[in-house]
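Below, each chain spelled out in residue letters.
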Protein chains: 2
Amino acid sequence: MVMVSTTNRNRTGVPCLACPLRLKPAFKDKPDDEIRFIQSMKVDHRQLPAGADIIHPGQEDAELYTLFSGWAFRYKSLPDGRRQILNFLLPGDLVGLQASLLSAAQHGIESLTEVELCVFPRRRTYELFARMPALAYELAWLGSREESLIDENLTSVGQRNAQERIAALLISLYRRADALGLVSEDSFAFPLTQQHLADALGLSLVHTSKTWSRLRRAGLFALSGGRLKLLNPRLTERMALLFESERRPRPLI
Amino acid sequence: MVMVSTTNRNRTGVPCLACPLRLKPAFKDKPDDEIRFIQSMKVDHRQLPAGADIIHPGQEDAELYTLFSGWAFRYKSLPDGRRQILNFLLPGDLVGLQASLLSAAQHGIESLTEVELCVFPRRRTYELFARMPALAYELAWLGSREESLIDENLTSVGQRNAQERIAALLISLYRRADALGLVSEDSFAFPLTQQHLADALGLSLVHTSKTWSRLRRAGLFALSGGRLKLLNPRLTERMALLFESERRPRPLI
DNA sequence: CGAGGCGTTGAGGTTCTTCAATCATGGTGG
DNA sequence: CCACCATGATTGAAGAACCTCAACGCCTCG
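Everything numeric here is computed off the predicted structure, so don't read it as measured data. (Residues numbered from 1 in each chain as written. Chains lettered and ligands numbered in written order. Predicted model: local features only at pLDDT ≥ 70, side-chain atom pairs only at ≥ 80, totals over all residues. Heavy atoms only, no water.)

(A) Structural context of the nonpolar core. Phe88(A) and Phe88(B) are the most contacted members of the largest nonpolar core, which has 126 residues in total. Residue contacts for Phe88(B): discarding those within four places in its chain leaves Ala72(B), Phe73(B), Asp93(B), Leu112(B), Leu169(B), Leu173(B), Arg176(B), Leu192(B), His196(B) and Ala200(B). (Core = buried A, V, L, I, M, F, W, Y, C linked by side-chain atoms within 4.5 Å. Buried < 20%, exposed > 50% of the residue type's maximum accessible area, 1.4 Å probe, protein only. Contact = heavy atoms within 4.5 Å.)

Structure follows, in structure tokens:
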């Protein structure tokens, strides 16, 4: 939970028109004039270490970001310290849309790995709506997509048992990483500790550890060198009681 | 789960400029030209009985609605029949924003009481973004607000025990009903069965019944004639482990 | 070498679930 | 008017899932 603001003075980062993310199969094409508008709104390219507060609970002046690289998560805490991880953020995800629309952040956002963020000033969010309706529409679209992910997490925590929750989380992260080209040989970088898992699944640390180890020993997945390999995706899907979900390209802002 | 489409042929319903909801303290003022635009987008005023499917899971042509009167809820089901209620919808809430932006509804929406809906064609959602950026912004704002409610529910189900979950739900519904002027003498119409409660709280029906009765006998609330009266809101708030939350007016579309 | 972060495991207790039976209420048809 | 049925709420009993407490091992880092 280190508070760092290592603002990279290299304001440009990568030009948005040449953004490597945009080439991934996860994302839709976008007309050049919209990309140039995004470029003109981008005021910084910021790098933060793992464990940094990107937005803290109650913050009123949170900017709007796109996660360029690395992982992060949104969370909510209770007064007595219990913490619920609401969802994980991967490259291309919007960071802080809710916080920038509502007057104060109702949640916190923390980096899970070192991250790079494209920074857009929250003051100009309305300008985006006024001048680039297509982008505004995609902003709303991305907001709805995030809500849909949280719906799924709520269903998991409310209805699935420990083993089903783990399976559902693995499949969800696997699919998202895959769409971003982060999966090679069924394995992808997996920066979560068991405490993160427990807080995301609504389980105690101990029970998470036991169930996690059991599923690993049962051959569902393997973990080495910080990379997770799904050994039996089909079985995992069935164990998660998941309905099929389509995977169409999405907007990148 | 009756499928009825009692389309009220009286297309007008109430003129939006004279919408009685708009007078409630829950809602912000809006310029007349925006209200007239909303009126021009409204294609129907539809009445459905309790238990009707407003949007069914997987539906691809769901319209966008504003809930004019009555209660509804969003839910997600697992293949084996377990159901999670994601959030409750009260008058003034948008219905089906997520479904109208994404290509198919990832959830269902069902009426809890008889409801009246203002119907807006999903085909014209983009037109709204193009022609009325202020309204588009408020649409996104309402989407973020709904996400924020789901965040709270996820935190409840993931971190609170049965009694805390019930307290948190009661406070949340009480505050929302209050802002709509639906509360008189600390009591408001309460159309949920214990099955709805159980599905929203992620608890079994039996345990919900036992905890619910225990809190009622403990004097937290009283239920008679379908109306719920919160007898000790302060205590309920403390029991829910809730942070204080501001209540500013919100947009009505 | 010590400290701290992270993961694992055992033991015992609590919360919550499942199964099952009962009861109250309201509507319907004979 | 009453028998019948459906829906919803209540309660007891037994067991499973999950939680807390506690101890220990492994690793990295200073």
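We are not done yet, so read on.
(B) The relation of the copies chain A and chain B, seen in detail. Mapping chain A onto chain B calls for a screw motion: a turn of 180° about the axis and a shift of 0.0 Å along it, with 0.0 Å RMSD after fitting. One copy is carried onto the other by what is essentially a two-fold rotation axis. A share of 100% of the interface residues of chain A reappears at the interface of chain B, consistent with the copies meeting face to face through the same patch. (Least-squares fit on C-alpha atoms with pLDDT ≥ 70 in both.)

(C) Representation of the packing of aromatic side chains within the structure. Taken as a whole, this structure holds 17 aromatic pairs over all chains when the rule is applied. Both rings, one in Tyr137(A) and one in Tyr126(B), keep their centres 5.5 Å apart while their planes meet at 70°; by these two values the pair is edge-to-face. Taken as a pair, Tyr137(A) in helix α4 (residues 133-159) and Tyr126(B) in helix α3 (residues 125-131) lie in two separate chains rather than in one. You can call Tyr137(A) buried: its relative accessible area is 19%. For the ring pair Phe190(A) and Trp212(A), a centre distance of 5.9 Å and an interplane angle of 20° mean the geometry is stacked. (Phe/Tyr/Trp six-rings, centres within 6.5 Å; stacked < 30°, edge-to-face > 60°. Helix = DSSP H or I, 4+ residues; strand = E, 2+ residues; numbered from the N terminus.)

(D) Up close: unusual backbone geometry. Here the phi dihedral of Leu241(A) falls at roughly 55°; this positive angle occurs in a residue that is not glycine. Take Leu241(A): it is sitting in the segment after α8 (233-239). Taking the relative accessible area as the measure of exposure, Leu241(A) reaches 19% and is therefore buried. The backbone of Glu185(B) shows a phi angle near 55°, a positive value even though the residue is not glycine. Locating Glu185(B) in the fold gives a position in the loop between α5 (162-179) and β9 (187-189).

(E) Seen up close, the pattern of salt bridges. Throughout the structure, instances matching the rule amount to 34 salt bridges over all chains. A salt bridge links Asp80(B) to Arg82(B); the nearest nitrogen and oxygen atoms lie 2.9 Å apart. Exposure remark for Asp80(B): the relative accessible area of 46% places this residue in the partly exposed category. Its relative accessible area of 25% is what places Arg82(B) among the partly exposed residues. The network of salt bridges with common partners includes Arg74(A), Glu146(A), Glu147(B) and Asp151(B). (Salt bridge = Lys/Arg side-chain N within 4 Å of Asp/Glu carboxyl O.)

(F) Structural view of the interface of chain A and chain B. Each partner contributes to the interface: chain A provides 53 residues, whereas chain B provides 53 residues. The junction of chain A with chain B conceals about 4700 Å² of combined surface from both sides, 61% of it contributed by carbon and sulfur atoms. Of all residues in chain A, the largest losses of buried area upon contact with chain B belong to Tyr137(A), Leu154(A) and Gln159(A), amounting jointly to 15% of the total for that side. A salt bridge links Glu164(B) to Arg82(A); the nearest nitrogen and oxygen atoms lie 3.1 Å apart. (Buried area = accessible area lost by both parts, 1.4 Å probe.)

(G) Inspection of the protein's contact with DNA strand C at higher detail. As a matter of local geometry, DNA strand C sits amid 15 residues, with Gln194(A), Lys210(A), Arg216(A), Ser204(B) and His207(B) nearest to it. Put simply, 60% of the atoms of DNA strand C that lie within 4 Å of the protein are in sugar or phosphate. Between DNA strand C and Gln194(A) there is a distance of 2.5 Å, counted from a phosphate oxygen to a side-chain nitrogen or oxygen. Between DNA strand C and Arg217(A), the relevant distance is 3.4 Å, taken from a phosphate oxygen to a side-chain nitrogen or oxygen of the residue. When contributions to the surface near DNA strand C are tallied by element, the ones reaching two or more residues are α7 (205-217) of chain A together with α7 (205-217) of chain B. With 6 residues, the top contributor of residues to the surface near DNA strand C is α7(A). Split into classes, the residues belonging to the surface near DNA strand C amount to 4 nonpolar, 8 polar and 3 charged. (Near = heavy atom within 4 Å. Polar contact = N/O pair within 3.5 Å; in protein donor to acceptor, adjacent residues only side chain to side chain. Nonpolar A, V, L, I, M, F, W, Y, C, P; charged D, E, K, R; others polar.)

(H) Layout of the domain arrangement of chain A. Residues and elements named next belong to chain A. Here chain A is described as being made up of domain 1 (16-133) and domain 2 (154-239). Centre-to-centre separation of domain 1 and domain 2, based on C-alpha positions: 24 Å. Facing the 16 residues of domain 1 at the interface are 17 residues of domain 2. Summed over both partners, the interface of domain 1 with domain 2 buries about 1400 Å², with 67% contributed by carbon and sulfur atoms. Taken together, the connections running from domain 1 to domain 2 amount to 2 salt bridges. Between arginine 83 and aspartate 199 there is a salt bridge, with its nearest N and O atoms 2.8 Å apart. Scanning the region where domain 1 abuts domain 2 turns up 7 residue pairs in polar contact (both at pLDDT 80 or more). Residue contributions to the side of domain 1 that touches domain 2 peak at 5 residues, all from strand β5 (residues 83-89). A class-by-class count of the residues in the side of domain 1 that touches domain 2 yields 11 nonpolar, 2 polar and 3 charged. (Domains from an automatic or database assignment.)

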